[in-house]
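One-letter residues, chain by chain:
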Amino acid sequence: MSKNVLVFADVRDKKLRNVALECLAVARKVADGGVVTAAVFGSFAKDFVDPLAHHGADRVITVLNPELDQYTTDAYFQAFKQVIEKVQPDAIFTGHTAVGRDVSPRIAARLGLGLISDCTNVEVQDGQIVFTRPIYAGKAFVKKVVKEGTVFATIRPNNIEAMNADPGRKAETEELQVTFAQDLLRTIVKEVVRKTAEGVDLSEARVIVAGGRGVKSAEGFKPLQELADLLGGAVGASRGACDAGYCDYALQIGQTGKVVTPDLYIACGISGAIQHLAGMSNSKVIVAINKDPEANIFQVADYGIVGDLFEVVPLLTEEFKKVLG
Ligand code: FAD
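Just so it is clear, the model here is predicted, and its values are computed rather than measured. (Residues numbered from 1 in each chain as written. Predicted model: local features only at pLDDT ≥ 70, side-chain atom pairs only at ≥ 80, totals over all residues. Heavy atoms only, no water.)

A. Representation of the pairing of strand E13 (residues 207-211) in the model. Counting buried residues in E13 gives five out of five residues, a clear majority hidden from the surface. A two-sided burial pattern is seen for E13, the buried positions comprising Val207, Val209 and Gly211 on one face and Ile208 and Ala210 on the other. Once the chain exits E13 it traverses helix H5 (residues 222-230) before rejoining the sheet at strand E14 (residues 234-237), and the crossover so formed is right-handed. (Buried < 20%, exposed > 50% of the residue type's maximum accessible area, 1.4 Å probe, protein only. Helix = DSSP H or I, 4+ residues; strand = E, 2+ residues; numbered from the N terminus. Right-handed = clockwise from strand over helix to strand, strands pointing away.)

B. Main features of the environment of Val11. Note that Val11 resides in strand E2 (residues 11-12). Owing to a relative accessible area of 18%, Val11 belongs among the buried residues under this scheme. With 245 residues separating them in the primary sequence, Val11 and Thr256 have C-alpha atoms 23 Å apart. The contact partners of Val11, leaving out residues within four places of it in the chain, are Leu16, Arg17, Val40, Phe44 and Phe48. (Contact = heavy atoms within 4.5 Å.)

C. Inspection of unusual backbone geometry at higher detail. Residue Asp32 is not a glycine yet carries a positive backbone phi of 50 degrees. Looking at the secondary structure, you find Asp32 in the loop between helix H1 (18-31) and strand E4 (36-41). Even without being a glycine, Lys216 presents a positive backbone phi close to 75 degrees. In this structure, Lys216 sits in the loop between E13 and H5. For Lys216, a relative accessible area of 51% gives the class exposed.

D. Region of the structure containing the nonpolar core. Counting 37 residues, the largest nonpolar core has Leu52, Phe93 and Phe131 as the members making the most contacts within it. Of all the secondary structure elements, the ones that give two or more residues to this core are strand E1 (5-8), H1, E4, helix H2 (49-54), strand E6 (91-95), strand E7 (116-119), strand E9 (128-135) and strand E11 (151-155). When neighbours within four sequence positions are excluded, Phe93 is seen to be in contact with Val5, Leu6, Val7, Phe8, Cys23, Val26, Ala27, Val30, Phe131, Ala153 and Ile155. Core analysis: the second largest hydrophobic core is formed by 25 residues, Leu68, Ile84, Val87 and Val103 among them. (Core = buried A, V, L, I, M, F, W, Y, C linked by side-chain atoms within 4.5 Å.)

E. Examining the sheet that holds E7 more closely. One open sheet accounts for seven strands, arranged E7-E11-E6-E1-E4-E5-E12; its pairing is parallel. Strand pairing shows two members of the sheet lacking a second neighbour, E7 and strand E12 (172-175), which therefore form its edges. Shown here is a sheet whose adjacent strand axes are inclined to one another by a mean of 20 degrees, direction ignored. Relative to E4, E1 runs parallel, the two sharing four bridges. The partner of Val5 across the bridge, within E4, is Val36. (Pairing = 2+ DSSP bridges. Axes fitted to C-alpha atoms, helices over the stretch in contact; angles between N-to-C directions.)

F. Molecular detail of the site of the ligand. In the region of the ligand, 26 residues are neighbours, and Arg213, Ser238, Thr256, Ser271 and Asn290 sit closest. With respect to the ligand, the side chain of Lys216 contributes an N or O atom lying 2.9 Å from a nitrogen atom. Asp308 places a polar side-chain atom, nitrogen or oxygen, 3.1 Å from a nitrogen atom of the ligand. Protein contacts shield 76% of the accessible area of the ligand, which totals 990 Å² for the unbound molecule. Elements with a contribution of two residues or more to the shell around the ligand: helix H6 (239-243), helix H7 (274-280) and helix H8 (309-324). (Near = heavy atom within 4 Å. Polar contact = N/O pair within 3.5 Å; in protein donor to acceptor, adjacent residues only side chain to side chain. Areas by Shrake-Rupley, 256 points an atom, 1.4 Å probe, with all protein chains shown as cover.)

G. Looking closely at the environment of Leu111. Tracing the backbone through its elements, the reader meets Leu111 in helix H4 (residues 98-111). Of the residues examined, Leu111 reaches a relative accessible area of 30% and is grouped as partly exposed. For the pair Leu111 and Glu85, spaced 26 residues apart in the sequence, the C-alpha separation amounts to 9.9 Å. If near-sequence neighbours (up to four positions away) are discounted, Leu111 is found in contact with Lys81 and Ile84.

H. Region of interest: the domain arrangement of the protein. For the protein, the assigned domains are domain 1 (4-184) and domain 2 (207-324). Spacing between the C-alpha centres of domain 1 and domain 2 amounts to 32 Å. Between domain 1 and domain 2 the total buried area reaches about 660 Å² when both faces are included, carbon and sulfur atoms providing 47% of it. In terms of surface lost to domain 2, no three residues of domain 1 exceed Ala137, Arg156 and Asn158, which account for 61% of the buried area on that side. Here domain 1 and domain 2 share two residue pairs in polar contact (both at pLDDT 80 or more) between them. (Domains from an automatic or database assignment. Buried area = accessible area lost by both parts, 1.4 Å probe.)

I. Broad picture of the packing of aromatic side chains. Taken as a whole and judged by the stated rule, the model has eight aromatic pairs. Joined through ring pairs, the aromatic side chains of Phe8, Phe41, Tyr71, Tyr76, Phe80 and Phe152 make up one cluster. (Phe/Tyr/Trp six-rings, centres within 6.5 Å; stacked < 30°, edge-to-face > 60°.)

J. Up close: the packing of H5 against H8. Direction vectors running N to C along H5 and H8 enclose 20 degrees, while the axes themselves pass 9 Å from each other. Taken as axis vectors, H5 and H8 run roughly parallel relative to one another. Classified by chirality, the crossing of H8 by H5 is left-handed. For the pair H5 and H8, the contacting residues are Pro223, Leu224, Glu226, Leu227 and Leu230 in the first and Leu309, Val313, Leu316, Thr317, Phe320, Lys321 and Leu324 in the second. Class assignment for the residues of the contact of H5 with H8 results in nine nonpolar, one polar and two charged. (Parallel < 35°, antiparallel > 145°, perpendicular 65-115°, else oblique. Left-handed = near helix turned anticlockwise from the far one by under 90°. Nonpolar A, V, L, I, M, F, W, Y, C, P; charged D, E, K, R; others polar.)

Below is the structure:
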């Protein structure tokens, strides 16, 4: 049966996040011929109408209020709620990003909806929408269905392919005027101070070169950064490296850090503790470089290199330079 599906299109630094397009692919599958609406917030929201249409939205609702230029829980909650009241969707999808993880449970609780979070796959089987999500820090997966009411799920970035862009696709657009209950706007963002340098966003990176305590110093991350830059990727870290002060906690991957699923994950001097694996073991190809042949990271690696990372990483960089020109 066709469904009316709503996607919340997450924008960061005035750029549409890939996961918004991945949510649209999910929405198209679930809609089964029904209408897919994308909602996008902020005074620059109109810039994203075309990419959203090209990737599967039939209708784009823009909410241009300047209060939405920077994320705050209160403003986004109020705007998102009003979009849902307008669209009356059968299913809602958001990215499992910092914003999606913050606003979705609040919406679900206030509207009395169930929420399935951090989905890595969505299938339609015999008319039922079946969600797959990891449990026990990624050691197992569970399949879930929503038996009644509106379906609401957050989608983990980098797990579901976005549809190819069709530049001929057009969407109906609508500008929604949102009214804010001023007494509920309890926070304002005055300034955003970035802790990490500009570059590829770790949670959406296709290639990650991650360093652990084996990198030994902040200086030791330089060869990793060089390799990541060459491959168009990002640098990540274990908590061991962050705790030792070699890099910022914003780079931490794992149970209490970011969850990543790049096409290629190169782990350098990381032992492979279960809490680290929880954040990266779903990467498509894992390469581990470690001096210790017994290191646990080799249990999940597709390719293992037993050796000193300070020799191996520069060699890899040299070889990639030859291939990539
Ligand atoms: P180590 O375990 O010290 O490993 C260093 C590795 O480097 C060793 O295997 C060594 O053989 C290798 N090495 C040393 N020198 C070289 C060299 N020159 N060349 C090649 N290899 C070399 N950890 C996370 O990463 N992410 C999390 O989110 C996280 N959350 C946690 C939550 C909780 C509640 C707890 C209790 C722990 C958490 N941890 C997390 C910590 C985790 O248990 C490990 O302590 C941590 O992952 C270890 O980091 P590491 O592998 O860099 O360091």
